[in-house]
Amino acid sequence: MKKKLPETLPALSKAPTGIEGLDEITGGGLPAGRPTLVCGTAGCGKTMLAMEFLVRGAAQFDEPGVFMMFEENAAELTANVRSLGFDLEKLAVEKKIVLDYVHIERSEIEETGEYDLEGLFIRLGHAIDSIGAKRVVLDTIEALFAGLPNHAVLRAELRRLFRWLKDRGMTAIITGEKGDGNAITRYGLEEYVADCVIILDQRIQEQISTRRLRVLKYRGTAHGTNEYPFLIGAHGFSVLPITSLQLDHRVSTQRILTGIARLDDMLGGQGVYRGSSVLVSGSAGTGKSSIAAKLLETACRRGERALFFAYEESTEQIVRNMRSVDIDLAPWVKKGLLEIHSSRPTLQGLEQHLVVMHDLVRAFRPSVVAVDPISNLTMAYVDAEVKPTLMRLIDFLKKEQVTAIFTSLTSGGEATTSAFEESQVGVSSLMDTWLLLSNVEFTGERNRTIFVRKSRGMAHSNQVREFVLSDKGIDLVDVYLGDDRVLTGSARVAQEAQERAAATLRGEDHQRKLRQLASRRKAIEAQIAALQAEAEAEADEVHFAIAQETLQKKATHQNTDAMAQQRGGATGANGHTIEKR
């Protein structure tokens, strides 16, 4: 008979690191009561990760820790991590951490020829017991074993060290240097003994430094296996996962106006959804930045806060230029409702740009954020790096319910759909609303048009509008459609004037024809009246003739009767006279 597996198996116990992103990747933290190896090249952040794991454990999870170092002393370490906001001296006074510097001199070991870890175990055990530590950091393992020329002894001592930490139930981080060539570690044994191995890497591409983290192995649990960029910023160590993010953010049914009346009409009359992502793409000079600035100004007019990340112009230049289209950002900057952060994309790595945005959004709490333009990020980076960064930014802003406006310069001369989809930053599928701007050339003149490529969750216009920028602001005008042509600008004005003139001529011609028709009708009516009069006259003549004949006949009868009477005749019954005989 087959044995039935239990419905629920006990999960591996984990100790949360408190490091943003790392706990997501590892599914809750590092293995509790087991050692974790963190290895990498010099300067990749091994010590910083280990220190933050220890500090956050003591401050947030009530797990005191011991940091045993072999390369720098406690004073140097305390000074180094103070810039991250970690006060090691205070934690040490509160008995939450112990900093222990162990000086190992290789020449002394070579002279005596003896070296083992008994003294280390005693010293480490005392430090653990003194504060009831739950976490331990050993930094670095190469310095600890630098005096062991015999590799057989070294391997034995390594195993012994990891076993000792397990037996004490310590959640430990042991840092180590990357080995030569493709080797993961210096001695080639540490990764096999550790229950969890995290590899840190620092790369230089196009003179820009980026750091990556990868969980090589994690016994007993599922974990993220990709490479993840990480940062060491003003608030410590942070990992920026992408595959571990869930699409579970809240959505709003509230609509907010863009401030451009006819654009709002094109978007169903109510604007865009709050917390949605809006992409404004187009070729150079189509007015992308002006739309972004107008949305920010409109948010400020509602009393909301707004952030503007600009990668092409300085703050003063943006404020000056926007005044030319009747968008005055200066009052809102002065009131503290608008912050403009201008920098070059090459100033720092993509991940650093992202963490700066994260920090500013969390500190300023804006309702609207504009990034102008995201395509500038591709100047120093490949799409494989830019797109994941933008995905993380979009997901973060959606999670914070921030309405985001991204502008993007299309790669082609015209802002067609195919031109944008072939451009370097293909993030249109991530956007909720996509506005497409283009330049139209006709009769030696360039004019702008705008089109709503898509807008999820709402009815929207499928018509092209002329996009007009002037000292009176932004306006959308109906284009001329006719004879299989689309006319804008002066060509549209001229065509409309011609049509108005033609309409006027047609109207005058219609009036002339109506007057002619009225005259003819009057003439016909006059003819009818004359004929009617003639007919009435003829009728009168006929009636007169009939009357005359009747009178004549009557007179004849009277004369006859009178003559008969004079002759002495009598009148018969029928009125005839009868002569007497």
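Structural notes, computed from the coordinates. Within every chain, residues take consecutive numbers counted from 1 along the sequence as written. Side-chain atom pairs in this predicted model are given and counted only at pLDDT of 80 or more, local residue features only at pLDDT of at least 70, and totals for whole chains, interfaces and linings cover all residues. For side-chain calculations, the full set of non-hydrogen atoms in the structure is used, while hydrogens and water are omitted.

1. Digging into the overall build of the protein
In this text, helices come from DSSP runs of H or I with a minimum length of four residues, and strands from runs of E with a minimum of two, each type numbered from the N-terminal end. Broken down by element type, the protein carries 17 helices and 26 strands. Each residue is assigned to one of three classes by its accessible area relative to the maximum for its type, calculated with a 1.4 Å probe on protein chains only: buried under 20%, partly exposed between the two thresholds, exposed over 50%. Looking at the protein as a whole, 45% of its 581 residues are labelled buried. Long-range pairs, those at least 24 residues apart, make up 69% of the contacts in the protein with a sequence separation of at least 6. Contact definition: two residues touch when any of their heavy atoms are within 4.5 Å.

2. Some thoughts on the side chain of Glu-304
Within the element layout of this structure, Glu-304 appears in the loop between α11 (288–301) and β15 (306–310). On the basis of relative accessibility, which here comes to 16%, the residue Glu-304 falls in the buried class. Think of a polar contact as two N or O atoms within 3.5 Å of one another; within protein, one of them needs to be a possible hydrogen donor and the other a possible acceptor, and neighboring residues in sequence only count if both atoms come from side chains. A polar contact of 3.2 Å, which involves the side chain of Glu-304, links it to the side chain of Arg-302. Ignoring any residue separated from it by four or fewer positions in sequence, one finds Glu-304 in contact with Arg-274, Ala-299, Leu-337, Ser-367 and Val-368.

3. Here we look at the pairing of strand β4 (residues 65–69)
Each regular strand displays side chains that alternate between the two surfaces of the sheet. Burial of β4 is extensive: five of the five residues sit out of reach of the surface. With burial as the criterion, each face of β4 is covered, one bearing Gly-65, Phe-67 and Met-69 and the other bearing Val-66 and Met-68.

4. Notes on the environment of His-103
Locating His-103 in the fold gives a position in the loop between β5 (97–101) and α5 (106–112). Linking His-103 and Met-69, residues 34 residues apart in sequence, is a C-alpha distance of 8.4 Å.

5. Brief notes about the pattern of salt bridges
Salt bridges are identified by distance alone: a Lys or Arg side-chain nitrogen within 4 Å of an Asp or Glu carboxyl oxygen. Summed over the entire model, instances satisfying the criterion amount to 22 salt bridges. Ionic pairing is found between Glu-52 and Arg-56, a salt bridge with its closest N-O pair at 2.5 Å. Of this pair, Glu-52 and Arg-56 both sit in helix α2 (residues 46–60), four residues apart, which is roughly one turn of that helix. For the pair Glu-52 and Arg-56, a shared accessibility class is recorded, and that class is buried.

6. Some details on the side chain of Thr-407
Mapping Thr-407 onto the fold places it in strand β18 (residues 403–409). Relative accessible area serves as the criterion here: at 0%, Thr-407 is assigned to the buried category. A distance of 2.4 Å separates the side chain of Thr-407 from the side chain of Asp-372, its partner in a polar contact.

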